[in-house]
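An overview of the molecular structure
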Amino acid sequence: MTDETSPRPEWRNFYGRIHGKTLRKSQKSYLAEDLGALRPAGITPADNPGRRPIDPATIFGDARPLWLEIGFGGGEHLVHMAARYPEVGIIGAEPFINGVAMLLGKIRAAGVTNLAVHPGDVRDLMEVLPAGSVAKAFLNYPDPWPKRRHHRRRFVTPEHLLPLARALRPGAELRVATDIPDYVRQTLEEVPAAGFALVSEGGVPWDDWLSTRYEQKALREGRVPHYLTFRRL
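Read on for an overview of the structure. (Residues numbered from 1 in each chain as written. Predicted model: local features only at pLDDT ≥ 70, side-chain atom pairs only at ≥ 80, totals over all residues. Heavy atoms only, no water.)

Observations regarding the packing of aromatic side chains
Per the stated rule, a full pass over the model turns up five aromatic pairs. Ring centres of Trp67 and Phe138 lie 5.9 Å apart, and the angle between their planes is 65°; on these two criteria the pair is classed as edge-to-face. A residue pair is termed long-range when its members are at least 10 positions apart, and Trp67 in strand β1 (residues 66-70) and Phe138 in strand β4 (residues 134-140) qualify at 71 residues. Between the aromatic rings of Trp206 and Tyr227, the centroid separation amounts to 5.4 Å while the plane-to-plane angle is 75°, which identifies the pairing as edge-to-face. Pair noted here: Trp206 is in the loop between β6 (196-202) and α9 (213-220) and Tyr227 is in strand β7 (residues 226-232), with a separation of 21 residues, a long-range link. When sorted by exposure, Trp206 lands in the same class as Tyr227, which is buried. Taken together, the ring pairs connect Trp67, Tyr85 and Phe138 into an aromatic cluster. A cation over a ring is seen here: Lys136 above Trp67, with NZ or CZ 4.5 Å from the ring centre. (Phe/Tyr/Trp six-rings, centres within 6.5 Å; stacked < 30°, edge-to-face > 60°. Helix = DSSP H or I, 4+ residues; strand = E, 2+ residues; numbered from the N terminus. Buried < 20%, exposed > 50% of the residue type's maximum accessible area, 1.4 Å probe, protein only. Lys NZ or Arg CZ within 6 Å of the ring centre and 35° of its normal.)

Next comes the structure, spelled out in structure tokens:
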């Protein structure tokens, strides 16, 4: 038997561990007190075994544009974008519970009210989002799975990109940031094949970019960030 955040048996995880160091008392409080109100209903197979499409308008109470961040790490980029664009609603999906707890602390500190949090596999979320319901998506510093035999676990493969393309509306923007040259290579090969056009790629970040702790770690270790922008056809 699996819990509600466990992947289906046929799924290969594109992420690593889901638990890290012991949570601090404050982080446990965030999870206990804040997560329930920020967590969209009807996402997991346990909550929605029939996999019925959800109504995105019920998440934020209106039909505002919906953005999606796939794997938000510690949540700094997610909170930054929510504060900068209060007119949109952003859903962050992250299976690493320590990252979820960190995000909840940042949400409290920033006071943003246009975020929703799915503490699990984004594939469950993409499966129940209506087709064409997402206006922008972010994939920032995804797990690189550097060994060749693990490349099929990367997010930029058809089994992940095709469901994402279905959820994105025509013309929607997909941003990818990574410091791994081979991940850039695979992204440039796989994303266009899934129904996207390359808009730009290179070493200059977006105007509204916030450098994350993962990027700062990459820079300290001498790796060069790369930023790619695609448009859903």
